[in-house]
Protein chains: 2
Amino acid sequence: MAGAEVPDIVIGRLPIYLRALNLLYEAGQEFTSSQELGQKLGIGSAQIRKDLSHFGEFGKQGTGYEINYLREQISKILHVDRDWAVALVGFGDLGQAIAHYGGFASKGFHIEAIFDNDPAKIGQETNGKIVHDIKSLAQVINQLKIKMAIIAVPASVAQSVSDLLIEAGVKAILNYAPITLTVPEKIQVQYIDPVVHLQRMTYYLV
Amino acid sequence: MAGAEVPDIVIGRLPIYLRALNLLYEAGQEFTSSQELGQKLGIGSAQIRKDLSHFGEFGKQGTGYEINYLREQISKILHVDRDWAVALVGFGDLGQAIAHYGGFASKGFHIEAIFDNDPAKIGQETNGKIVHDIKSLAQVINQLKIKMAIIAVPASVAQSVSDLLIEAGVKAILNYAPITLTVPEKIQVQYIDPVVHLQRMTYYLV
């Protein structure tokens, strides 16, 4: 499978398809079509068929897609058919909300290590995990072989935290700090900044 | 200005440019270039020049962009040179974290009304705002002329909350519930689902 050649924008849509398929599956539905998915997602059905065709032939003329099979296949493609250990850096209001969010673990993303530099937070326990001193970041991440991390620190220190994480072996970062990170080419970074989303919408509002 | 004709993907990059310009401005820098911005953001300098050219001529050969001027212009283009009232629906863990997040107000987005359906939460006060019964949503949103809303409710009720908001006059929704919303064409929707971002990265990790 020539996975590396699939455009990143296609990869970006697969989790959206997977989410919709999971919802249909949980609702007890057995089959769906690119038309139905497209309508639910506001994406053209031809686009969906084309995206999926990068990875094989999943649908059947007439019956469409078997939901459980397709969600299993997409899970495999995305490598989310397994558990992932995630480090969380920053245990302020946002970090605490992230640590308590049930949506990660239910999808196989387990926060296995938490770090902060605040002596008042170091040593605190949450969901059975202790908040470590950020000074022990490299050691703990190495020991637990963690490849993914979530950054929930202020913008002013996010780049240095990112550098530390990458040096410790982290390959993928979900960054909540409102700053674009500079990282080596092979490192994956995704961003969550709600203000960016709000500002994109106000353009259309006047 | 033929704003409606600018591709949405260009609009989506403007908040990123604005964020970078604000950081440079706060650091005391006066001028920048498409090269410097591009390097910071991992976007080609030609792309940045082309994006900005949709809205006018902002740079000068030799000196580049005056940071304060450019950030003011982008703020005007995005309509974020003013304050926006935002409704928040859902006052669980996530909604509370959103209500307490300082990053919204500092960018002009003020949470002016909070709603929940839990009797234990209705009447609670946070940042001087009272949590309203969701039954009064239409009335309160009408009264305050709120056009933007943040959805922080479980996926199972997000669509019905979205319908309520739109009926009440909301034109733009930032949806934290892990579900794609079906909305009329003129309504803006943006999504925040951290799991989608993590799943996009694990594709590249094995």
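Residues numbered from 1 in each chain as written. Chains lettered and ligands numbered in written order. Predicted model: local features only at pLDDT ≥ 70, side-chain atom pairs only at ≥ 80, totals over all residues.

### With respect to helix 8 (residues 155-167) of chain B
Residue and element names in this part refer to chain B. Our working definition: Note on conventions: DSSP H or I runs of at least 4 residues are helices, E runs of at least 2 residues are strands, and numbering of each starts at the N terminus. Between the first and last residue of a helix there are one fewer steps than residues, each counted as 1.5 Å, and that sum is the expected span. Put plainly, a residue is buried at 20 or more neighbouring C-beta atoms within 10 Å of its own, exposed at 12 or fewer, and partly exposed in between, counting only other residues' C-beta atoms, which are placed from the backbone. Read the arc as the range of directions from the helix axis to the C-beta atoms. We call two residues in contact whenever the C-beta atoms placed from their backbones are within 7 Å.
Look at helix 8: 19 Å from first C-alpha to last across 13 residues, which is about the 18 Å you get at 1.5 Å a residue. Within the sequence span of helix 8, burial applies to Ala158, Val161, Ser162 and Leu165. The arc that holds the buried residues of helix 8, viewed along the axis, is 110°, so those residues lie on one side. Exposed and facing more than 90 degrees away from the buried side of helix 8 are Ser156, Ser160 and Glu167. Tucked into the core, helix 8 has its buried residues touching strand 4 (84-89), strand 8 (148-151) and strand 9 (172-175). Taken from the residues just after helix 8, glycine 169 is the one with a positive phi, measuring 110°.

### Let's talk about the domain arrangement of chain A
Condition: All domain edges in this entry derive from an automatic or database-based domain assignment.
Each domain of chain A was delimited in the assignment, giving domain 1 (3-77) and domain 2 (84-196). Between the C-alpha centres of domain 1 of chain A and domain 2 of chain A the distance comes to 30 Å.

### Here we look at the sheet that holds strand 7 (residues 129-133) of chain A
Residues and elements named next belong to chain A. This is how the line gets drawn: DSSP-based pairing: two strands are paired if at least 2 bridges between them are found. Lines are fitted to the C-alpha atoms to define the axes, a helix being fitted only along its stretch in contact, and any angle between axes, read from their N-to-C directions, falls within 0 to 180 degrees.
Strands sit in the order 6-7-5-4-8-9-10 across an open sheet of seven strands; the sheet is mixed. Since the sheet does not close on itself, it has two edges, and those belong to strand 6 (125-126) and strand 10 (188-191), each with one partner. Pairing of strand 4 (residues 84-89) with strand 8 (residues 148-151), which is carried by four bridges, proceeds in the parallel orientation. Directly across from valine 86, in strand 8, lies its bridge partner methionine 148. Contacts from helix 5 (residues 93-100) reach strand 4, strand 5 (109-116), strand 6 and strand 8 within the one sheet, and its direction differs from that of strand 4 by about 160°. Along the sheet, helix 7 (residues 137-144) contacts strand 4, strand 5 and strand 7; its crossing angle with strand 5, the most-contacted strand, is approximately 160°.

### Structural notes on the interface of chain B and chain A
Just so we agree on the cut-off: Under the grouping applied here, Gly and all other residues not named as nonpolar or charged are polar, the nonpolar ones being Ala, Val, Leu, Ile, Met, Phe, Trp, Tyr, Cys and Pro and the charged ones Asp, Glu, Lys and Arg.
Counting residues at the interface gives 48 residues for chain B and 48 residues for chain A. No other element matches helix 9 (residues 194-202) of chain B, which puts nine residues into the side of chain B that touches chain A. Of the residues belonging to the side of chain B that touches chain A, the class tally is 30 nonpolar, eleven polar and seven charged.

### Considering the relation of the copies chain B and chain A
Worth spelling out the cut-off: Least squares is the method for superposing the copies, and the C-alpha atoms it fits come from residues with pLDDT of at least 70 in both.
Once chain B has been moved 0.0 Å along the axis and rotated by 180°, it coincides with chain A to within an RMSD of 0.0 Å. Given the turn and translation reported, the copies of this chain are related as if by a two-fold rotation axis. Of every C-alpha in chain B, the one belonging to alanine 97 of chain B sits nearest the axis of rotation, 3.2 Å from it. When you check the interface residues of chain B against chain A, 100% turn up at the interface there too, and the contact is symmetric in its surfaces.

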